[in-house]
Amino acid sequence: MIKCPSCQKRHPANTLFCDECGAYLAAEEDKHTDPLAMGNVDWMEETQQASPGLSSLNADRPLTLKLAVRDSGRIIEFPLTKEISIGRLDAASATFPDVDLTVDGGLEKGVSRRHARITRQGMDLFIEDLGSVNGTVLNNKRLTPYSPHPLKTGDEIQVGRLMLRVSVA
Amino acid sequence: MKVKTDYYAILGVSRSATAQEVKSAHRALVQSLHPDVVQDDTEVEQFHRVQEAYEILSDPEKRAAYDRQQAEAGFTEEPAISLQVTLSHHSLPCLNEDQALYALLEITPSPNIETRRLPLNLCLVLDRSTSMQGLRLQRVKEATNYIIDYLDDEDTLSLVTFSDRAEVVLPGQCLVDRVRIKAQVSAIRSSGGTEIFQGLRAGLRELERARGSNTVNHLILLTDGQTYGDEDNCLLAADRASRHQVGISTMGIGQDWNDKLLDEIALRSGGTSAYIDSAAKVTSFFRDKIHSLVNVFARELRYTLRLGAGVRLKDSFRVSPYIACLQEREGGFYLGQLNADAPTVVVMEFIIAPRPPGSHRLFHLELVGDVPVLGRQHERIKREIDVRFAPTRELEETVPPRIVSALGKLSIFKMQEKTMDDLERGQVEQASQRLETMATRLLNIGELELAKAALLEAGRLSRTGHLSPEGRKKIRYGTRSLSLLPKEVRGD
């Protein structure tokens, strides 16, 4: 049985769309099979290098990312257990970002489907632009694509023309 | 028996026709060719050929022997219709619970078949009530003139206008003197009320008189208003048209017409129903409709399904050329006509009960249709589809994007239907929320216009408890024609 993440209605395994609210149900499976998920590789290296005691401490301490969308006032929270993708949902091209900015006017504000991602190494966060059309700006500095940059609470990220304020707990 | 003679062609049936179909075809021919009825020598000879063909094809042993000899001599028949079946998963894991599985059917004319264009017997039934005056009637006249130029010399056109009464402006005729005909069109004036049934009845009569042996018979009804009191008669007329193989397609212009009635008329007679939101678009609607009529490749397309053990069909929809729910009627699932230039695509959702590993029958499908360009009736294609069950989930297979995309569009269509149901039951807030969710999904697939309309109506619904007549039509007809090709999306 699959439970719809949007409306909680139950469906038989393999159901692709919830017929109550139209949500795409196969999203979770898709993300795990994404061959470009390089975040996992980073963490593995990190635990190999650090001392066993310390690394298990770092890996276990839960961190939550909070993004406040300035224009719409929406607050999005995500546990930082893996990399967090930011962009616009598009079932037709099988793009299912963790943070979907469609409802905040992402399309009009130039947010790409695969726009940026936030990764974690131990207690440090990094933001990386994924080659988006309109770019990602961190605290008024434009990021070079595919180059992770440190991220901390209070930072302001601009994806396309959409402003997000970061806080980490 | 003579191997070189094509007995099937003489009776006008496909090689896959059943014994019952052969018998019916023979009876129909004999009634029109009997020597007591007919005096022409060539027709008497034809009658004898029909009898000879029937003698062979009605006897199972003789028919089998004939088929064998034909195959040996190299006279095989190319199937005219091509059917491709794609499953969402080739293998499923053995689970202790039900699982869903999707099948996509793509139906097209066989690539090697040369398509010919059939003569069209067309009747335009046009509303000329007072509300049509000015720009609307002018654009309708322009669109009509376009059709007069577009049709061939072998097509037949008739024109009926209606308000309180119906007038036959053009009795069914070939387009010999186009100039004179256009002059008659330009003389149409608007006045009076709207009595759709009057128009329909006169139009159907003209079509019957001008009908030929192989013509595609169709009526296009265009109106901008409501008819009162004759809705039932209109539906009866649609039923009768369907029995005589006449399709009725309806076009509503503006906001004030009854979309439920026009949809039902089209549904019962096997035609299409369209919403013309601006007078400027009438010509393009007429053009697209005529184009699809003359490009008909197969008619009476339908399929029957025999499901495997423990397999349930949850639902079945056509998604191309436009979305519609398919209900099983006696004779199977009806698809109507297959066009030469646009595939018919169907999506089916199955629920499969748990079972041990191995190969299991999913369904047995039989697709039947008449192919008039080849003179074949009851062309039949059979397909048996199995699905494999493995002890554990095998290599990650991705569901073919074609299926995901079709289901995505379908899910928006289903939400639209649910929204209308909510409104009928007075659940305004739920309907409004559904419309907002629909807007997001429409944005995701690049349907900006439709997304905006859905959002506007969601707001209006919250504030007033009603949809605007225009918004309602936009959403209903827009979701129905969500095309399978993705629209251009800004951004990347």
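Each residue is numbered by its place in its chain's sequence as written, counting from 1. Each chain takes a letter, starting from A, and each ligand takes a number, starting from 1, following the order in which they are written. Residues qualify for local features only when their pLDDT is at least 70, as the model is predicted, and side-chain atom pairs are given and counted only at 80 or more; totals for whole chains, interfaces and linings, by contrast, use all residues. Note that water and hydrogens are dropped before the side-chain values are worked out from all heavy atoms of the structure.

*Asks:* What's the story with the sheet that holds strand E3 (residues 64-69) of chain A in this structure? I'm lost.
*Replies:* Remark on secondary structure: sheet strands pair via backbone hydrogen bonds, oriented parallel or antiparallel. All names here are of chain A. Two strands pair if DSSP finds at least two bridges between them. Put simply, DSSP H or I for four residues or longer makes a helix, DSSP E for two residues or longer makes a strand, and each gets a number counted from the N terminus. The antiparallel open sheet is built from six strands, whose spatial order is E4-E3-E13-E12-E9-E10. The sheet is open, and its two edges are formed by strand E4 (75-79) and strand E10 (141-142), each paired on a single side. Bridge count between E3 and E4: five bridges; the pairing is antiparallel. Each residue of the ladder has a partner; that of Leu65, found in E4, is Phe78.

*Asks:* Would you take a moment to explain the nonpolar core for this structure?
*Replies:* What tends to happen in soluble globular proteins is that the nonpolar side chains get buried as a cluster. All names here are of chain B. To qualify as a nonpolar core, a set must consist of buried Ala, Val, Leu, Ile, Met, Phe, Trp, Tyr and Cys residues joined through side-chain atoms within 4.5 Å. Burial status follows relative accessibility: with a 1.4 Å probe on protein chains alone, a residue under 20% of its type maximum counts as buried, one over 50% as exposed, and anything between as partly exposed. Core analysis: the largest hydrophobic core is formed by 68 residues, its most contacted members being Ile81, Leu122, Leu222, Phe286, Tyr303, Met348 and Leu367. Ranked by the residues each element gives to this core, the list is headed by strand E10 (residues 296-307), at six residues. The criterion used for residue contact is that any of the two residues' heavy atoms lie within 4.5 Å. With residues up to four places along the chain from it excluded, the contact list for Met348 reads Leu101, Tyr102, Ala103, Leu105, Tyr303, Leu305, Leu313, Asp315, Ser316, Phe363 and Leu365. Within the second largest apolar cluster, 40 residues are counted, among which are Ile323, Ala406, Leu443 and Leu467.

*Asks:* Even after reading the chapter, I still don't get the environment of B:Ile188, so can you show me in this structure?
*Replies:* Residue and element names in this part refer to chain B. With respect to the element layout, Ile188 can be found in the loop between helix H6 (178-186) and helix H7 (196-210). Separated by 50 residues in the primary sequence, Ile188 and Gln138 have C-alpha atoms spaced 9.7 Å apart. Ignoring any residue separated from it by four or fewer positions in sequence, one finds Ile188 in contact with Arg128, Leu137, Lys141, Leu159 and Thr161.

*Asks:* Please explain helix H3 (residues 41-57) of chain B as it appears in this structure.
*Replies:* Given 3.6 residues per turn, any residue in an α-helix points the same way as the ones three and four places further on. Residues and elements named next belong to chain B. Taking 1.5 Å of rise per residue, the 17 residues of H3 would be expected to cover 24 Å, and the 25 Å separating its terminal C-alpha atoms lies within 8% of that figure. Here H3 has its buried residues at Phe47, Val50, Ala53, Tyr54, Ile56 and Leu57. If you follow the buried residues of H3, they end up packed against helix H1 (7-11), helix H2 (19-33) and helix H4 (60-72). Given the number of residues in a helix, its expected span is that number minus one, multiplied by 1.5 Å.

*Asks:* What is the right way to look at the pairing of strand E8 (residues 124-129) of chain A in this model?
*Replies:* Two faces belong to every sheet, and in a regular strand the side chains alternate between them. Residues and elements named next belong to chain A. Pairing geometry for strand E7 (residues 114-121) and E8, over six bridges, is antiparallel. What sits directly across from Ile118, in E8, is Ile127. Two successive antiparallel strands, E7 and E8, enclose a turn made up of two residues, where Gly122 displays a positive phi of approximately 65 degrees. Of the strand pairs in this sheet, E8 and strand E11 (residues 149-151) are connected by three bridges, and their pairing is antiparallel. Following the sheet pairing, Leu125 is matched in E11 by Leu151.

*Asks:* Can you help me understand the packing of helix H5 (residues 135-150) of chain B against H6(B) in this one?
*Replies:* Axis angle and axis distance: for two packed helices, these are the angle between their axes and the distance between the axes, and together they describe the pair. Residues and elements named next belong to chain B. Comment: axis = line fitted to C-alpha atoms, over the contacting stretch for helices; angle = value between 0 and 180 degrees taken between N-to-C directions. Running from amino to carboxyl end, H5 crosses H6 at an angle of 165 degrees, the nearest separation of the two axes being 10 Å. Here H5 lies roughly antiparallel to H6, going by the angle between them. In this structure, H5 meets H6 at a crossing whose hand is right-handed. Touching Lys141, Thr144, Asn145, Ile148 and Asp149 of H5 are Arg178, Ile181, Lys182, Val185 and Ser186, all from H6. Residue polarity follows a fixed list, in which Ala, Val, Leu, Ile, Met, Phe, Trp, Tyr, Cys and Pro are nonpolar, Asp, Glu, Lys and Arg are charged, and the others, Gly among them, are polar. Tallied by class, residues from the contact of H5 with H6 come to three nonpolar, three polar and four charged. Any angle that falls under 35 degrees is termed roughly parallel, while one over 145 is termed roughly antiparallel, one within 65 to 115 roughly perpendicular, and all others oblique. Whether a crossing is left-handed or right-handed is set by the direction in which the near helix is turned from the far one by less than a right angle, anticlockwise for left-handed and clockwise for right-handed.

*Asks:* What is the right way to read the sheet that holds strand E11 (residues 311-320) of chain B from this model?
*Replies:* All names here are of chain B. The strand order E1-E3-E15-E11-E12 describes an open sheet built from five strands, whose pairing is antiparallel. The sheet terminates laterally at strand E1 (81-87) and strand E12 (324-325), the two strands that pair on one side only. Pairing analysis gives eight bridges linking E11 to strand E15 (residues 344-352), with the strands arranged antiparallel. From the neighbouring strand, Val311 faces E15, where its bridge partner is Ile352.

*Asks:* Honestly, empty space enclosed by the protein in this entry has me stumped. Any pointers?
*Replies:* With a probe scaled to a water molecule rolled over the atoms, the places where space remains empty come into view. For cavity detection a 1 Å grid was placed over the protein atoms alone, and a set of points counts as a cavity when a 1.4 Å probe fits there but cannot get out; an open set counts as a pocket when protein lies on both sides within 12 Å along at least five of seven lines, with lining residues being those that have an atom within 4 Å of a point. Grid points are joined across faces, edges and corners, and a volume is the space filled by probe spheres set on the points. Inspection of the entire model under this criterion finds three cavities of 30 Å³ or more. As a volume, the largest cavity reaches approximately 140 Å³. If you trace the largest cavity, you find 15 residues lining it, with A:Phe17, A:Ala91, B:Gly408, B:Arg441 and B:Ile445 closest to the centre. For the lining of the largest cavity, the elements supplying multiple residues, two or more each, are helix H11 (401-424) and helix H12 (428-444) of chain B. Examining the composition of the lining of the largest cavity, we find that six residues originate from one element, H11(B), more than from any other. Taken together, A:Thr15, A:Phe17, A:Cys18, A:Asp19, B:Tyr102, B:Lys314, B:Asp315, B:Glu349, B:Leu407, B:Leu410, B:Ser411 and B:Lys414 form the lining of the second largest cavity. Listing elements by their share of the lining of the second largest cavity, those giving two or more residues are E11 and H11 of chain B.

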